[in-house]
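The lines below spell out each chain.
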Amino acid sequence: MNASSSGKARAASSSQPSESSSKRKRGIFQKELQHMMYGFGDDPNPLPETVALVEDIVVEYVTDFAHKAQDIGSKRGKLSVEDFLYLVRKIVKYLAQQDAPKLNRCKELLSMQEELKQARKAFDVDEEKLAASLD
């Protein structure tokens, strides 16, 4: 059963959309989700209802995840990246190490982000020196 047909069945069985999902702008992740769904074996052009349902599920999950991280961060008075990493580790532990690659990927992306910041900073400095030398 592909995601389109299972999504259709879930959409038909679900009740009214949650209050929070009706307030947000819908369809902003449509193209990305279509590509991801295709990458995971769905049809290249999944049903719009299926994409909308997957988007609702993803947005609800990310929102809940952010709220949980905010609850953790509020104990210290501020939200940090470490709060999110703590939740990923907690989820990994809960799922019996099934999602350990997620934690590793998070760490990898954060280190890459830091490297990119440093590279941009170095590039800006080099560009300023080049502009100064041309004058």
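Up top is the structure these notes are about.
Here we summarise the structure given alongside this text. All residue numbers refer to position in the chain's written sequence, counted from 1. The predicted nature of this model means local features are confined to residues of pLDDT at least 70 and side-chain atom pairs, given and counted, to a pLDDT of 80 or more, with totals for whole chains, interfaces and linings taken over all residues. Where side-chain values are given, they derive from all heavy atoms of the structure, hydrogens and water being excluded.

**Considering the overall build of the chain**
Going by this rule: Numbering of helices and strands runs from the N terminus; a helix is a DSSP stretch of H or I covering at least four residues, while a strand is a stretch of E covering at least two. Burial classes: relative accessible area under 20% of the type maximum marks a residue as buried, over 50% as exposed, and values in between as partly exposed (1.4 Å probe, protein chains only). Contact between two residues is taken to exist if any of their heavy atoms lie within 4.5 Å; hydrogens are not considered. Exposure was quantified through the Shrake-Rupley algorithm and a 1.4 Å probe, taking into account, for residues, occlusion by the shown protein chains and nothing else.
Scanning the chain for helices and strands turns up six helices and zero strands. Looking at the 135 residues of the chain, the share that counts as buried comes to 19%. Within the chain, contacts between residues at least 6 apart in sequence are counted, and of these 45% link residues at least 24 apart. Surface summary for the chain: the accessible area is close to 10700 Å², and the carbon and sulfur share equals 58%.

**Here we look at the packing of aromatic side chains**
Heads up, the rule is: Centre distance within 6.5 Å is the pairing criterion for rings of Phe, Tyr and Trp, where only the six-membered ring of Trp is used; planes under 30 degrees apart are then read as stacked, over 60 as edge-to-face, and the remainder as tilted.
Overall, the coordinates contain two aromatic pairs when judged by the stated rule. Between the aromatic rings of Y61 and F65, the centroid separation amounts to 6.1 Å while the plane-to-plane angle is 25°, which identifies the pairing as stacked. Remark: F65 and Y61 occur in helix α4 (residues 48-74); sequence separation between them is four residues, near one turn of the helix. With relative accessibility at 15%, the residue F65 sits in the buried group.

**Looking at the environment of K90**
Relative to the elements of secondary structure, K90 occurs in helix α5 (residues 81-94). Through-space distance from the C-alpha of K90 to that of L103 is 9.9 Å; in sequence the pair is 13 residues apart.

**Here's the deal with the packing of helix α3 (residues 30-39) against α4**
When two helices pack together, their arrangement is given by the angle between the helix axes and the distance between those axes. Here is the rule we go by: Think of each axis as a best-fit line through the C-alpha atoms, taken over the contacting stretch in the case of a helix, with angles from 0 to 180 degrees between the N-to-C directions. Any angle that falls under 35 degrees is termed roughly parallel, while one over 145 is termed roughly antiparallel, one within 65 to 115 roughly perpendicular, and all others oblique. Throughout, the ten residues Ala, Val, Leu, Ile, Met, Phe, Trp, Tyr, Cys and Pro are labelled nonpolar, Asp, Glu, Lys and Arg are labelled charged, and all others, Gly among them, are labelled polar.
Remark: α3 packs on α4, axes separated minimally by 10 Å, with the N-to-C direction vectors making an angle of 100°. When the axis of α3 is compared with that of α4, the two are roughly perpendicular. Only T50, V51, V54, E55 and V58 of α4 make contact with α3, whose side of the interface consists of Q30, L33, Q34 and M37. Residue composition of the contact of α3 with α4, grouped by class: five nonpolar, three polar and one charged.

**Re the pattern of salt bridges**
Our working definition: Between Lys or Arg on one side and Asp or Glu on the other, a salt bridge is scored when a side-chain nitrogen of the former is within 4 Å of a carboxyl oxygen of the latter.
Overall, the coordinates contain three salt bridges when judged by the stated rule. Taking the shortest distance from any N to any O, the salt bridge between E108 and R105 comes out at 3.2 Å. In this pair, E108 and R105 are both assigned in helix α6 (residues 100-134), three residues apart and thus about one turn of the helix distant.

**Overview of α4**
Our working rule: Multiply 1.5 Å by the residue count of a helix minus one, and that product is the helix's expected span.
A rise of 1.5 Å per residue sets the reference length of α4, with its 27 residues, at 39 Å; its end C-alpha atoms lie 38 Å apart and thus fit the reference within 8%. Restricting attention to buried positions, one finds in α4 the residues T50, V51, L53, E55, D56, V59, F65, A69, I72 and G73.

That's the geometry; what it means functionally is another story.
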